[in-house]
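These are the residues of each chain, in order.
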Amino acid sequence: MTDEVKYIGSYDEWADREAELHPVIGPVSLYGDDGQRRSQATVLTEIGKRHHLFHDEGGDAYARVQVGDHAEVFLIASADYRDCLSRAYFDLSGAGANRNATGDALSTLSAMARFTGPCEPVHLRIGPSGDGIVIDDGSRSWGCITVSADGWRCASRRMVNFRRSGKPLALPTPTTGDLSRLWRYVNVELADRVLVAAWLLAALCPHGPYPILLLLGEQGTGKSQSSRTLKRFTDPSGVPLRAPPRDDKDLLVAALSSWVLALDNLSGATPQMSDALCRLSTGGGFSARRLYTDSDETLIAVQRPVILNGIDDLASRPDLAERCIHLTLPPLRQRTTEADMAATFAEDAGPIMAAILDGLVLALRDVNTVNIGSLPRMADFTKWAAAGVPAMGFTREEFVIAYRRNQSEAVALGLESSSVASGIRKIIERTGTWKGTARELLSRLNQDAHDGDHHLPGWPHSPKGLTTILRRLAPSLRHVGIECTRTRDAVNQYLTLSCKPGGEVPQVPQPPSETAADGRLVDMADAREVCTGDRVEFEL
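This one's a predicted model, so the numbers in the text were calculated from it and none came from an experiment. (Residues numbered from 1 in each chain as written. Predicted model: local features only at pLDDT ≥ 70, side-chain atom pairs only at ≥ 80, totals over all residues. Heavy atoms only, no water.)

K.L.:
So what's going on with the overall build of the protein? Residues and values would help.
P.N.:
For the protein, the helix and strand inventory stands at 15 helices and 21 strands. For the protein, with 540 residues in total, the buried portion stands at 48%. A separation threshold of at least 6 residues defines the contact pool for the protein, and within that pool the share at least 24 residues apart is 67%. Split by element, the accessible area of the protein, about 26800 Å² in all, is 49% carbon and sulfur. (Helix = DSSP H or I, 4+ residues; strand = E, 2+ residues; numbered from the N terminus. Buried < 20%, exposed > 50% of the residue type's maximum accessible area, 1.4 Å probe, protein only. Contact = heavy atoms within 4.5 Å. Areas by Shrake-Rupley, 256 points an atom, 1.4 Å probe, with all protein chains shown as cover.)

Okay, here's the thing in structure tokens:
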């Protein structure tokens, strides 16, 4: 089943269809036909049968409850739906329902939703709608913003199931687009603004992969304020910033409760957390033992936009570094009070939100035709952002150049953070090529290492550990011109380290010299770094 809306048409047509499929049942009575008072569980179940019960692809049971002129969607097992049933019972009887009766009713309603109810997609904040996007505006009226290649509009009613979790707040009401006002609240360098705009477009796309926005800077550079502001335009919450999770399970719980995960004031990331963030960015499964069982397992696949901020370099592992947009925030030139900032933000939020929606409209229109030359890592994000940024005041060339440069810097950062990579580069600088077993390479690295390197986290202590590290470093080493190949004979497996054939190392593309007649980018000329033994030269 595709992750799309099952019905496209006018609201009135949809309402008529719903009325035909789910005819209104008479009012719930506290007494049966025999005049006897019915049990609390029976009354609560009758109340729940008036709701639209269904399940999603994962088998989770939901109820859609009509409240006035709008519908609200609840996970049946949630505390919010329990409160919904309890409130309805109190309005009917003037008394509260006991916990056991409520639990029995919820079990029955959950079974009905799972085994007899239809299967319908359920979204958190963002969802696909035909060829467009629908966004839960977070308001009390459960309205939405619909976006298509023809434009965007705010709607008070919708035909998409959105669930809400945590403490969601309403998105700003869009007016007339003006993204320039955003930079009053997000402190980034002028050259990096296009990357922030690109991340905002990605965060409001219903499908990943999603780049991780990494905000680094010294104390007092506005990292937390910038994170809160970006969260405000993508997934506003009463608690916008979270403390770093302790493990994968905490990270998963946070991701299931928020569309945009903003982690504040991180001091590094463990290898396990780095791997979990990689899965969250580009897609992957999280598993855990099912409660009250020994052999059953729960598997959950989730992708989310993520914001990280901190003082230390957080993405030291190459695989995480290549999934990040790395931004170093400059010192603040002047400060203002929270009250003054809140007053101006109320005026600026609408134009900023409208500019982001304008970018989504253009991205939907041009994503399949935009040409950015050779595709980098995170290719889907790159094409999506390149298609949309012209509506936000930037050119596609500006984004492509800024993103490729940012990725090259990320690779360099990952290699600089690895003591093994530094040792390998020293060997190649001295010898040009090297061949031997993993054990011999480890011995050579140990000989060349400084006294403290052997005790650094991540330093290999066995040939197998070194082989694993080389496999992780291989793409980044290849980016700087060092090729690691494996061969074997009847006895041993050998590693060969050398410059790439021809010694050419791809670098950051230069600005395009010309543009095609239809406005699309043509291939860019690359600067070439030539490895010549103990020195490095650049050819332009």
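Now that the structure is up, let's keep going.
K.L.:
Would you mind going over the sheet that holds strand S18 (residues 493-499) in detail, with residue names and values included?
P.N.:
Judged by pairing direction, the sheet is antiparallel, and its 3 strands sit side by side in the order S16-S18-S17 without closing on themselves. Unpaired on one side and paired on the other, strand S16 (433-436) and strand S17 (482-488) mark the two borders of the sheet. The mean inter-strand angle of the sheet, taken between neighbouring strand axes irrespective of direction, is 15°. Packed on one face of the sheet, helix H14 (residues 438-448) meets S16 and S18 and runs near 125° to S16. Contacts from helix H15 (residues 463-479) reach S17 and S18, with the element oriented near 140° to S17. (Pairing = 2+ DSSP bridges. Axes fitted to C-alpha atoms, helices over the stretch in contact; angles between N-to-C directions.)

K.L.:
Describe the pairing of S17, naming the residues involved and giving the relevant values.
P.N.:
Here S17 pairs with S18 via 7 bridges, running antiparallel. When the bridges of S18 are listed, Thr487 appears paired with Tyr494. Linkage of S17 to S18, two consecutive antiparallel strands, is achieved through a turn of 4 residues.

K.L.:
Please set out helix H10 (residues 338-366) residue by residue, giving values where relevant.
P.N.:
For H10, spanning 29 residues, the distance from its first C-alpha to its last is 39 Å, which sits close to the expected 42 Å at 1.5 Å a residue. Where H10 bends most, at Asp348, the angle is about 40°, and the proline Pro351 comes one to four residues later. (Expected span 1.5 Å × (residues − 1). Bend = angle between axes of the 7 residues up to and from the residue.)

K.L.:
Could you give an account of the packing of helix H3 (residues 79-93) against helix H4 (residues 99-115), naming the residues involved and the relevant values?
P.N.:
Running from N to C, H3 and H4 cross one another at 115°; their axes reach a closest spacing of 11 Å. As far as their axial angle goes, H4 and H3 are roughly perpendicular. Of the two possible hands of crossing, H3 and H4 adopt the one that is right-handed. Listed contacts from H4 to Tyr81, Arg82, Leu85 and Ser86 of H3 are Arg99, Thr102, Gly103, Leu106 and Leu109. Taken together, the residues of the contact of H3 with H4 break down into 4 nonpolar, 3 polar and 2 charged. (Parallel < 35°, antiparallel > 145°, perpendicular 65-115°, else oblique. Left-handed = near helix turned anticlockwise from the far one by under 90°. Nonpolar A, V, L, I, M, F, W, Y, C, P; charged D, E, K, R; others polar.)

K.L.:
Kindly report on the pattern of salt bridges, identifying the contributing residues and their values.
P.N.:
Using the criterion set out here, one finds 19 salt bridges in the structure. Lys231 serves as the salt-bridge partner of Asp235, at 3.2 Å between the closest nitrogen and oxygen. Among the residues examined, Asp235 registers a relative accessible area of 7% and is labelled buried. With a shortest N-O distance of 2.9 Å, Asp366 and Arg396 are connected by a salt bridge. (Salt bridge = Lys/Arg side-chain N within 4 Å of Asp/Glu carboxyl O.)

K.L.:
Lay out the sheet that holds strand S10 (residues 212-216) with the relevant residues and their values.
P.N.:
Pairing is parallel across the open sheet formed by 4 strands, whose spatial order is S11-S14-S10-S15. Two strands close off the open sheet at either side, each with one partner strand: strand S11 (261-266) and strand S15 (324-328). Neighbouring strand axes in the sheet, compared pairwise and without regard to direction, differ in orientation by 15° on average. The pairing of S10 with S15 spans 5 bridges and is parallel. Paired with Leu215 across the bridge in S15 is Leu327.

K.L.:
Can you break down the environment of Tyr494 residue by residue, with the values?
P.N.:
Among the secondary structure elements, Tyr494 is positioned in strand S18. Expressed as a C-alpha distance, the spacing of Tyr494 and Lys435, which sit 59 residues apart in the sequence, is 6.7 Å.

K.L.:
Tell me about the side chain of Asp348, residues and numbers included.
P.N.:
With respect to the element layout, Asp348 can be found in helix H10. Owing to a relative accessible area of 1%, Asp348 belongs among the buried residues under this scheme. Excluding residues that lie within four positions of it along the chain, Asp348 makes contacts with Arg181, Arg184 and Tyr185.

K.L.:
Please set out unusual backbone geometry residue by residue, giving values where relevant.
P.N.:
Looking along the chain, the bond that leaves Gly208 and enters Pro209 is cis, with omega of 5°. With respect to the helices, strands and loops of the structure, Pro209 is situated in the loop between helix H5 (193-203) and S10. Backbone geometry at Trp142 places phi at a positive 55°, although glycine is not the residue there. Structurally, Trp142 is set in the loop between strand S6 (132-136) and strand S7 (144-148). At Asn265, a residue that is not glycine, the phi angle is positive and equals roughly 60°. By relative accessible area, which is 48% here, Asn265 ends up partly exposed.

K.L.:
Tell me what's going on with the nonpolar core, and back it up with residues and numbers.
P.N.:
Within the largest apolar cluster, 65 residues are counted, with the highest numbers of intra-cluster contacts made by Leu179 and Phe399. Among the secondary structure elements, those contributing two or more residues to this core are S6, S7, H5, S10, S15, H10, helix H11 (379-388) and helix H12 (396-416). (Core = buried A, V, L, I, M, F, W, Y, C linked by side-chain atoms within 4.5 Å.)

K.L.:
Just give me the short version of the packing of aromatic side chains, but keep the residues and values in it.
P.N.:
Here the distance between the centres and the angle between the planes together describe a pair of aromatic rings. Under the counting rule described, the total for this entry stands at 8 aromatic pairs. Residues Tyr210 and Trp259 carry aromatic rings whose centres are separated by 5.8 Å and whose planes lie at 85° to one another, so their mutual orientation is edge-to-face. With Tyr210 in the loop between H5 and S10 and Trp259 in the loop between helix H7 (248-257) and S11, this pair connects stretches of sequence that are 49 residues apart. Judged by its relative accessible area of 1%, Tyr210 is buried. Between the aromatic rings of Phe233 and Phe345, the centroid separation amounts to 5.5 Å while the plane-to-plane angle is 50°, which identifies the pairing as tilted. Residue Phe233 is found in the loop between helix H6 (223-232) and H7, and its partner Phe345 is found in helix H10; the two are separated by 112 residues along the sequence. What links up through ring pairs into an aromatic cluster is the set Tyr185, Phe233 and Phe345. In this structure, Arg164 is placed above the aromatic ring of Trp142, and the distance from its NZ or CZ to the ring centre is 4.0 Å. When the ring centre of Tyr494 is taken as reference, the NZ or CZ atom of Lys435 above it lies at 5.7 Å. (Phe/Tyr/Trp six-rings, centres within 6.5 Å; stacked < 30°, edge-to-face > 60°. Lys NZ or Arg CZ within 6 Å of the ring centre and 35° of its normal.)

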